Amino acid sequence: LSELQGLGHLKPEFLQNNVDFALLSDANVFTEEFCTTTLGISNKIQAKKLIMARNRLTKSQDEHPAGTVFDSSLERGKNFTFNLGKGAIKAIDLAVRTMKVGEKASVVCRSDYGYGSEGLRSSKGDVIVPPFGTLKFELKRVC
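What counts and how
Residues numbered from 1 in each chain as written. Predicted model: local features only at pLDDT ≥ 70, side-chain atom pairs only at ≥ 80, totals over all residues. Heavy atoms only, no water. Helix = DSSP H or I, 4+ residues; strand = E, 2+ residues; numbered from the N terminus. Rg over C-alpha atoms; globule rule 2.2 N^0.38 Å. Buried < 20%, exposed > 50% of the residue type's maximum accessible area, 1.4 Å probe, protein only. Contact = heavy atoms within 4.5 Å. Areas by Shrake-Rupley, 256 points an atom, 1.4 Å probe, with all protein chains shown as cover. Lys, Arg positive; Asp, Glu negative; His and termini not counted. Charge placed at Lys NZ, Arg CZ, Asp CG, Glu CD. Expected span 1.5 Å × (residues − 1). Polar contact = N/O pair within 3.5 Å; in protein donor to acceptor, adjacent residues only side chain to side chain.

Trainee: How do you make sense of the overall build of the chain when you look at a structure like this?
Mentor: When helices and strands are tallied, the chain shows seven helices and four strands. For 143 residues, the compact-globule estimate of 2.2 N^0.38 gives 15 Å, and the C-alpha radius of gyration of the chain, at 19 Å, exceeds that figure by more than 25%. Dimensions of the chain, computed from C-alpha atoms along their principal axes, come out at roughly 55 × 35 × 25 Å. Residues classed as buried in the chain amount to 27% of the 143 residues present. A fraction of 55% describes how many contacts in the chain between residues 6 or more apart in sequence connect residues 24 or more apart. Summed over all atoms, the accessible surface of the chain reaches about 9,900 Å², with 50% contributed by carbon and sulfur. Side-chain charges of the chain comprise 20 positive and 16 negative groups, with the mean position of each set lying 8 Å from the other.

Trainee: Where do I start with helix α5 (residues 44–63) in this structure?
Mentor: In an α-helix, one full turn covers 3.6 residues, which means residues spaced three or four apart are oriented alike. With 20 residues, α5 ought to run about 28 Å at 1.5 Å a step, and its terminal C-alpha atoms sit 29 Å apart, in line with that. Looking only at α5, the buried set comprises Ala47, Leu50, Ile51, Ala53, Arg54, Thr58 and Ser60. In this structure asparagine 43 caps α5, since a side-chain oxygen of it lies 2.8 Å from the backbone nitrogen of isoleucine 45.

Take a look at the structure:
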């Protein structure tokens, strides 16, 4: 959320007030009034930005729920190949470097080790991985 609107400085207030995704995504609770009174945001524009960021985040979660499979080389029956150090996904590159041939790994990566603030879109512009998406990969090193 901090990357969506530059609100990283609110992390202590979020932690202190136990703001988790359930609370954040509840539009009846997480309101501008909540932002100003509970989180102590005195700037109304910043409160509005936080609500807009929350709306984008919850929309993204609704459109791409946890567990959504966007690609599977296993289903295609073809191994995913890439050159170490030149992969598009930093988390995979880092994980594979430490793996032995035949080893399996489950890798969860935050957006800055995946597709970042841009996400991933198809050639037609459809969202495949939303911006700031957390990704999970099931890997097996074959060579």
